[in-house]
Amino acid sequence: MTGGFLADAVVYLAAAVVCVPIAKRLGMGSVLGYLLAGIVIGPFALGFIGEEGKDIMHFAEFGVVMMLFLVGLELEPAKLWRLRRTILGVGSAQVLITAAACAAAVVAIGLDWRAAVAVGLALSMSSTAIALQSLKEKGLMGTTGGQSSFAVLLFQDIAVIPILALLPLLATAHLAAAAASAAAGADGGYGSQSDAGHGATLIGHLPGWMQTLAVLGAVAAVIVLGRFVIVPILRVIARTRLRELFTATALLIVVGIALLMQMVGLSPALGTFLAGLVLATSEFKHELESDLDPFKGLLLGLFFMGVGASIDFHLIGAAPLRIALMTVGVIAIKLAVLYGIGRAVRLSMDQNLLFSIGLAQVGEFAFVLLAFIAQLGLLDPAWTGTLMAVTALSMALTPLLQLLNERLIQPHLGSCPQAVERDDDEIVDDHNQVLIAGFSHFGSTVGRFLRANGVDATLLDHDSDRVDLLRKFGFKVYYGDATRFDLLQAAGAGNARILICAFDDLESTQKLVETVHKNFPHLKLLIRTRHRADAYEILDLGVDPASIYRQHLDTSVRLGVDALLHLGHRAYTAHRAGQSFLRQDEEAMWKIAPTRHDLQQYISSVREQIALQEELFKADRQSDPARGDHAWDSQVLRDVLGRPAAG
Amino acid sequence: MARVLVLFAHPRLEKSRANRSLLRHLPQIDGLTFRDVYEHYPDFNIAVAAEQALLLAHDIIVWHHPLYWYNTPPLVKQWIDMVLSFGWAYGPGGDALRGKAIFHVLTTGGAEAAYQLDGFHGSTLGQFLLPLERTMRLCGMDWLPPFTVHGTHVMTEAELDRHGALYHRLLKGLVAGSLRPDELHGHATLNAALGGLPLEGARE
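Residues numbered from 1 in each chain as written. Chains lettered and ligands numbered in written order. Predicted model: local features only at pLDDT ≥ 70, side-chain atom pairs only at ≥ 80, totals over all residues. Heavy atoms only, no water.

Enquirer: Honestly, the overall build of chain A in this entry has me stumped. Any pointers?
Expert: The helix and strand inventory of chain A stands at 28 helices and 6 strands. When the 647 residues of chain A are sorted by exposure, 50% land in the buried category. A separation of at least 24 residues holds for 74% of the contacts in chain A among residues at least 6 apart in sequence. Summed over its atoms, the accessible surface of chain A is roughly 29400 Å², and 64% of this surface lies on carbon and sulfur atoms. (Helix = DSSP H or I, 4+ residues; strand = E, 2+ residues; numbered from the N terminus. Buried < 20%, exposed > 50% of the residue type's maximum accessible area, 1.4 Å probe, protein only. Contact = heavy atoms within 4.5 Å. Areas by Shrake-Rupley, 256 points an atom, 1.4 Å probe, with all protein chains shown as cover.)

Here is the structure:
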């Protein structure tokens, strides 16, 4: 490929733009679309990209790092703590049992036991990129199956570190020494994780206890930085109101932490996950999420295309049956182990299938581990190539298996009576049912009222100073422009029931109404407007008149009622007069609405309404039996009955 | 010396000649508390604790209201439902009102003769008040006959003043202790117990 950067970009982007919508249309999810795009532009189909596909993958794997940052952002420490048993229990069971089963299988087909253990460990890894991406895309992260999947993936992320430390012990002593020095430069291009624990780190030459100290120090640094440095910096950046600067800061945080982790030999994904956790409770949670999400998406897409392009079809072509059998075998073993574990922790049938099929592929960590195993001399190149092909194929097959599960298996489970009780404890979904956009005096009053009645709302505001202040008072406020689709999405608009729009200005309100109508039609909108003219503008967007609230209407009528009281009017009569006035005013307002575009007609119509209102209220004052009410008014009765009989 | 609480309920006092007149005759004395509930709760959102505290601070409760459709104005029913709460006014431990006396002061547009078994309405006022009587008795209160002002639609100012004077005498006597609740039983109305209207022109 010689077209340079622009031509490369066109190839990748065009492939994605063509393949992903087609895959989506066929109900396959974006992952399979990217994989297909990679195969199409890869060396074995159109040949637009060759060996450099692996470099692309190296770069694109940063998407996984970013994804874990975002996962951390969404998780919050308290939720992670709730998941601790699942992570340790289900995670370790999955890695150990799968590794043992795969090792036994490769021993059976003629590998040395040491190589078999190494390969088993490599094959026990699942693809965080594929599994999490498809769970998120389908909105299944909050289900028990989704949470179990996440727990297993997180455990694997952590497990990679000791595994990388363990592998050299499997090799003979002199081989290990040779490999360790080679490891630094020879990570083959796969992986942000490949540097973990070995020569490439800055602290590699230090004695063991100092390395441990450095690692612990780095973890502490991430936590302290997140709490006391990053958040204040973000506040300053937010105050500049330059969106791209905020995005740049967000990228800097992720890249910086990834670099720090690499320096001390920890997995960058793990480090950014930790940073995400720390920032999850800050007011910038949703803004960071929405700013980084497109980068993560693009990088992951690129990564999947790299996987597609790297499938060695020559190798597969040379021994198609063998590779096919191995792929099916590995998937079958992983699926069986995962399903068994799912049964053991009492996942219901449908959740268990979601869990076991989602994680049945061999993941991107395996590329890293296999390359390392090869360097250690535990495995010959032919085996390595075969296993890499199996890994790539298994990743490509996952979306197809999921499709099969969704289309053919799940529909029959709906009435499945033997579905086991769901374990509710770990459904982690705290999205509030109410969102309030714009948390000025108006919005904060609404928020306080709802909170007083046990309804917690997610609050979005664009004024970072105000956000700061309100958070000090314990409100869950997030900084960001609530008219943006991505921020609404991140704040949980997809799951909420009500969106209260409390913006001060008409323009933002209109923008928000349009965004919600387009993207979240299920949301009930309740809209504050400044006055009658604004209310008409909102009405023109097709909003239900009963959901439009003119901000001064109730207050001014309430004041008017109190004025009547000070003049000596009876409280209940004044109260009823106020209520009737509100009703009349609203009715009159919507009655005029259709005609207001025709100015002439509007004027006459308004005059008509004013006249009508005057008449109605005059009538009420005089208690004219023909109009208004005269309940509890004995004057009328007296007039009819009393006069002749008086005396 | 008894402490008397007059709870007054009229949704539209400004249109009621008879009740405005009666209120003018309320004695302005220590020991008598007047509370206009429609002025306090135009939105019907009754402050239960405040009402209960008032009840506890008095010995004799007077409900003063017009009779609408053989019944109280709606806020009185709201008050009963909210203030006479379970465990406070009735039920286990609900003895806060035990031993207090209660009666109603009623104005009706129709004549007294209409509230007889053979009259226009076919029942006595006592019969129409049965749900209220049972309610108050359930709370352990001493139910007294009502003080009534009938025929307000056709009443002259002078006649209203004579009723006002009798009302004045009743309240003043109860506060002073010269009238004792247990002596007021056995009559159809408190008006009768007091010996009827004072002579025309008599002022208290």
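There's more to say after this.
Enquirer: Help me understand the overall build of chain B in this model?
Expert: Looking only at helices and strands, chain B has 8 helices and 6 strands in total. Seen in sequence order, chain B has helices and strands lined up from the N terminus as β-α-β-α-α-β-α-β-α-α-β-β-α-α. Per-residue burial for chain B yields a buried fraction of 54% across its 204 residues. The contacts in chain B between residues at least 6 apart in sequence include a share of 77% that link residues at least 24 apart. As displayed, chain B has an accessible area near 8900 Å², and 54% of this comes from carbon and sulfur atoms.

Enquirer: Any chance you could explain the side chain of Lys334(A) here in plain terms?
Expert: Residues and elements named next belong to chain A. Within the secondary structure, Lys334 is located in helix H16 (residues 320-344). Judged by its relative accessible area of 0%, Lys334 is buried. Sequence-distant contacts of Lys334, that is, excluding residues within four places in its chain, are made with Gln94, Thr98, Leu123, Ser124, Met125, Ser126, Leu359, Ala360, Gln361 and Val362.

Enquirer: Sorry if this is basic, but what is going on with the environment of Met136(B) here?
Expert: Residue position: Met136(B) is located in helix H6 (residues 130-138). With sequence-adjacent residues up to four places away left out, Met136(B) is seen in contact with Trp63(B), Ile80(B), Leu84(B), Ile102(B), His104(B), Met141(B) and Trp143(B).

Enquirer: Explain helix H13 (residues 268-279) of chain A to me, please; I cannot follow it from the model alone.
Expert: Because the α-helix completes a turn every 3.6 residues, residues three or four places apart line up on one side. Residue and element names in this part refer to chain A. Under the 1.5 Å per step criterion, the end-to-end length of H13 is 16 Å for 12 residues, consistent within 8% with the ideal 16 Å. The element H13 is extensively covered by neighbouring structure, given that 11 of its 12 residues are classed as buried. Among all positions of H13, only Pro268, Ala269, Leu270, Gly271, Thr272, Phe273, Ala275, Gly276, Leu277, Val278 and Leu279 are buried. (Expected span 1.5 Å × (residues − 1).)

Enquirer: Looking at this model, I keep getting lost on the environment of Ala93(A). Mind explaining?
Expert: All names here are of chain A. Along the polypeptide, Ala93 turns up in helix H6 (residues 84-108). Remark: the alpha-carbon pair of Ala93 and Val337, spanning 244 residues in sequence, is separated by 9.0 Å. When residues no more than four places from it in sequence are discounted, the contact partners of Ala93 are Thr98 and Ile341.

Enquirer: Help me out: how do you make sense of helix H4 (residues 62-75) of chain A in this one?
Expert: Residues and elements named next belong to chain A. Between its first and last C-alpha atoms H4 spans 20 Å; for 14 residues at 1.5 Å apiece the expected length is 20 Å, and the two agree. Of all 14 residues that make up H4, 12 are buried, and the element is covered over most of its length. All of the buried residues along H4 are Gly63, Val64, Val65, Met66, Met67, Leu68, Phe69, Leu70, Val71, Gly72, Leu73 and Leu75. Taken from the residues just after H4, Glu76 is the one with a positive phi, measuring 65°.

Enquirer: Is there a simple way to think about the confidence of the model for chain B in this case?
Expert: Detail in the predicted coordinates should be disregarded across regions flagged by low pLDDT. Residues and elements named next belong to chain B. For chain B, per-residue confidence averages 92 on the pLDDT scale, and residues scoring 70 or more make up 97% of the total. The weakest mean pLDDT in chain B belongs to helix H8 (residues 190-193) at 90; the strongest belongs to strand S1 (residues 4-8) at 97. Across the assembled chains, the prediction reports ipTM 0.83 with pTM 0.56. (pLDDT = per-residue confidence, 0-100.)

Enquirer: Mind showing me how you'd approach the pairing of strand S4 (residues 498-501) of chain A here?
Expert: Regular strands place side chains that alternate from one sheet face to the opposite one. All names here are of chain A. In terms of strand pairing, strand S1 (residues 434-437) meets S4 through 4 bridges, oriented parallel. Directly across from Ile436, in S4, lies its bridge partner Ile500. Here S4 pairs with strand S5 (residues 524-529) via 4 bridges, running parallel. Bridge pairing in S5 places Ile498 opposite Lys524. (Pairing = 2+ DSSP bridges.)

Enquirer: Would you explain the packing of aromatic side chains in this entry?
Expert: Scanning the model with the defined rule gives 14 aromatic pairs over all chains in all. With a centroid separation of 4.9 Å and an interplanar angle of 55°, the aromatic rings of Tyr572(A) and Tyr38(B) are classed as tilted. Of the two residues, Tyr572(A) sits in helix H26 (residues 571-592) while Tyr38(B) sits in helix H2 (residues 37-40), which places them in two different chains. Given the relative accessible area of 10%, Tyr572(A) is considered buried. Through successive ring pairs, a cluster of aromatic residues spans Phe246(A), Phe284(A) and Tyr479(A). Across from the ring centre of Trp81(A), 4.2 Å away, lies the NZ or CZ of Arg84(A), which sits over that ring. (Phe/Tyr/Trp six-rings, centres within 6.5 Å; stacked < 30°, edge-to-face > 60°. Lys NZ or Arg CZ within 6 Å of the ring centre and 35° of its normal.)

Enquirer: Looking at this structure, how should I read unusual backbone geometry?
Expert: Leaving glycine out, the prevailing phi sign among residues is negative, and the prevailing peptide bond configuration is trans. A positive phi angle is found at Arg346(A), which is not glycine, with a value near 60°. With respect to the secondary-structure elements, Arg346(A) resides in the loop between H16 and helix H17 (349-358). Not every positive phi belongs to a glycine, and Trp69(B) is a case in point at roughly 50°.

Enquirer: I would appreciate a short explanation of a nonpolar patch on the surface in the present structure.
Expert: Taken together, the side chains of Ile223(A), Val224(A), Leu225(A), Phe228(A), Val229(A) and Ile233(A) define a hydrophobic patch exposed on the protein surface, amounting to about 500 Å² of accessible area. Relative to the helices and strands, Ile233(A) resides in helix H11 (residues 208-240). (Patch = residues over 30% accessible without salt bridge, like charges linked within 9 Å, V, L, I, M, F, W, Y side chains within 5 Å. Salt bridge = Lys/Arg side-chain N within 4 Å of Asp/Glu carboxyl O.)

Enquirer: Explanation requested: the sheet that holds S4(A) in the structure shown.
Expert: Two strands in a sheet stick together by hydrogen bonds in their backbones, pointing the same way (parallel) or opposite ways (antiparallel). Residues and elements named next belong to chain A. Here 6 strands make up an open sheet; going across it, the order is S3-S2-S1-S4-S5-S6 and the pairing parallel. The open sheet terminates on both sides in strands that have one partner only, identified here as strand S3 (477-479) and strand S6 (548-550). Recorded for the sheet is a direction-independent mean angle of 20° between the axes of neighbouring strands. Helix H21 (residues 464-472) contacts strand S2 (457-461) and S3 of the sheet and is inclined by roughly 155° relative to S3. (Axes fitted to C-alpha atoms, helices over the stretch in contact; angles between N-to-C directions.)

Enquirer: Help me understand the packing of H17(A) against helix H19 (residues 381-409) of chain A in this model?
Expert: All names here are of chain A. For the pair H17 and H19, interaxial distance at closest approach is 9 Å and the crossing angle is 165°. Considered as vectors, H17 and H19 are oriented roughly antiparallel to each other. The interaxial crossing formed by H17 with H19 has right-handed handedness. For the pair formed by H17 and H19, the contact residues are Leu353, Leu354, Ile357 and Gly358 on the first element and Thr398, Leu401, Gln402, Asn405 and Ile409 on the second. Across the contact of H17 with H19, the residue classes break down as 5 nonpolar, 4 polar and no charged. (Parallel < 35°, antiparallel > 145°, perpendicular 65-115°, else oblique. Left-handed = near helix turned anticlockwise from the far one by under 90°. Nonpolar A, V, L, I, M, F, W, Y, C, P; charged D, E, K, R; others polar.)

Enquirer: Looking at this structure, how should I read the pattern of salt bridges?
Expert: Opposite charge on two side chains allows them to pair when their charged atoms are near. Residue and element names in this part refer to chain A. Enumeration according to the criterion identifies 22 salt bridges over all chains in this entry. Between Arg484 and Asp291 there is a salt bridge, with its nearest N and O atoms 3.6 Å apart. In this pair, Arg484 is assigned in the loop between S3 and helix H22 (485-490) and Asp291 in helix H14 (residues 285-310), connecting sequence segments 193 residues apart. According to the relative accessible area criterion, Arg484 is buried, its value standing at 13%. You can call Asp291 buried: its relative accessible area is 3%.

Enquirer: I would appreciate a short explanation of the packing of helix H12 (residues 243-264) of chain A against H13(A) in the present structure.
Expert: Each packed pair of helices is defined by two parameters, the angle between the axes and the distance between the axes. All names here are of chain A. Put simply, H12 and H13 touch, their axes get as near as 8 Å, and they point 130° apart. As summarised for this structure, H12 and H13 are arranged oblique, according to the angle between their axes. In terms of crossing hand, the pair formed by H12 and H13 is right-handed. On the side of H12, the interface is formed by Val254, Ile257, Ala258, Met261 and Gln262, while H13 contributes Pro268, Gly271, Thr272 and Ala275. Within the contact of H12 with H13, the residues separate by chemical class into 6 nonpolar, 3 polar and no charged.

Enquirer: Honestly, the pairing of strand S2 (residues 32-36) of chain B in this entry has me stumped. Any pointers?
Expert: Here S1(B) runs beside S2(B); their pairing, made up of 5 bridges, is parallel. Paired with Phe8(B) across the bridge in S2(B) is Asp36(B).

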